[in-house]
Amino acid sequence: MRYFLDTEFNGFGGELMSVALVPEDGDQDYYVVIPIDGPYHPWVEKHVVPYLESVPPMLYNRLDRVAAAHDIAAYLANDPEVTVIADWPEDIALFCRLLLIGETEIVDIRHMRFEFRRTPGFSTARNSKVPHNALHDARALRDHLIALD
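Residues numbered from 1 in each chain as written. Predicted model: local features only at pLDDT ≥ 70, side-chain atom pairs only at ≥ 80, totals over all residues. Heavy atoms only, no water.

A few points about the packing of aromatic side chains
So, point 1. For the structure shown, the criterion picks out four aromatic pairs.
So, point 2. Aromatic pair Tyr30 and Tyr75: ring centres 5.1 Å apart, planes at 40°, arrangement tilted. Here the residue Tyr30 occupies a position in strand E3 (residues 30-33), and Tyr75 occupies one in helix H2 (residues 65-76), the gap between them amounting to 45 residues.
So, point 3. Given a relative accessible area of 22%, Tyr75 falls into the partly exposed group.
So, point 4. Here the aromatic cluster, defined as three or more aromatic residues joined through ring pairs, consists of Tyr3, Tyr30 and Tyr75. (Phe/Tyr/Trp six-rings, centres within 6.5 Å; stacked < 30°, edge-to-face > 60°. Helix = DSSP H or I, 4+ residues; strand = E, 2+ residues; numbered from the N terminus. Buried < 20%, exposed > 50% of the residue type's maximum accessible area, 1.4 Å probe, protein only.)

Focus on the layout of surface pockets
So, point 1. The calculated volume of the largest pocket comes to roughly 520 Å³.
So, point 2. Considering the residues around the largest pocket, the lining is formed by 23 residues, among which Asp6, Phe9, Trp88, Asp91 and Thr124 are closest to the centre.
So, point 3. When contributions to the lining of the largest pocket are tallied by element, the ones reaching two or more residues are strand E1 (2-9), helix H1 (42-47), helix H3 (89-99) and helix H4 (124-127).
So, point 4. At four residues, the largest contribution of residues to the lining of the largest pocket is made by E1.
So, point 5. Here the lining of the largest pocket is built from residues that sort into 11 nonpolar, six polar and six charged.
So, point 6. In this structure, the second largest pocket encloses a volume near 180 Å³. (1 Å grid on protein atoms, 1.4 Å probe; cavity = no way out; pocket = protein on both sides within 12 Å on 5 of 7 lines; lining within 4 Å. Points joined across faces, edges and corners; volume = space filled by probe spheres on them. Nonpolar A, V, L, I, M, F, W, Y, C, P; charged D, E, K, R; others polar.)

Here we look at the packing of H2 against H3
So, point 1. As a packed pair, H2 and H3 sit with axes 8 Å apart at the nearest point and diverge in direction by 100°. The angle between the axes of H2 and H3 places the two elements in the roughly perpendicular class. Mapping the contact onto sequence places Arg65, Ala68, Ala69, Ile72 and Leu76 in H2 and Phe95, Arg97, Leu98 and Leu99 in H3.
So, point 2. When grouped by side-chain class, the residues that make up the contact of H2 with H3 number seven nonpolar, no polar and two charged. (Axes fitted to C-alpha atoms, helices over the stretch in contact; angles between N-to-C directions. Parallel < 35°, antiparallel > 145°, perpendicular 65-115°, else oblique. Contact = heavy atoms within 4.5 Å.)

A word on helix H5 (residues 134-148)
So, point 1. Over its 15 residues, H5 runs 21 Å from end to end, which matches the ideal 21 Å to within 8%, given 1.5 Å per residue.
So, point 2. Where H5 is buried, its residues touch E1, strand E2 (16-23), E3, strand E5 (82-86) and H4.
So, point 3. A distance of 3.0 Å separates the backbone nitrogen of Leu135 from a side-chain oxygen at the start of H5, and that oxygen is part of Asn133. (Expected span 1.5 Å × (residues − 1). Polar contact = N/O pair within 3.5 Å; in protein donor to acceptor, adjacent residues only side chain to side chain.)

Read these as layout, nothing more, since geometry by itself doesn't imply function.
The structure is reproduced here in structure tokens:
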């Protein structure tokens, strides 16, 4: 199945703060907030932090980085054909880094494919119900790309 990915992070090159995976089919969205030690980048403090938990409480977890990695692996475990789609290269890079739980260890994920889709003229933030919230942005990306297919 295809999953649409969005992340929020603490400024360019900064730490991962949240991850969302929205499946193409169904309503089993995944969203996790990963607490970080501040300080936050000023833009992130204003535009991201206030919206990190702007989803119903039953739709997200607040987990440390390693627990989040295992949680994502469990979420994807029953899907033998995972394709993760993102419109921003850093989302893929941060997601892949999250899967590394030690210097020589990754979470138990068997197979995964990544697809980068450039979306000229489209902004997840401008089309999101809650801009700069990874879950809402991933939903906007899914809706946009499915409409194009």
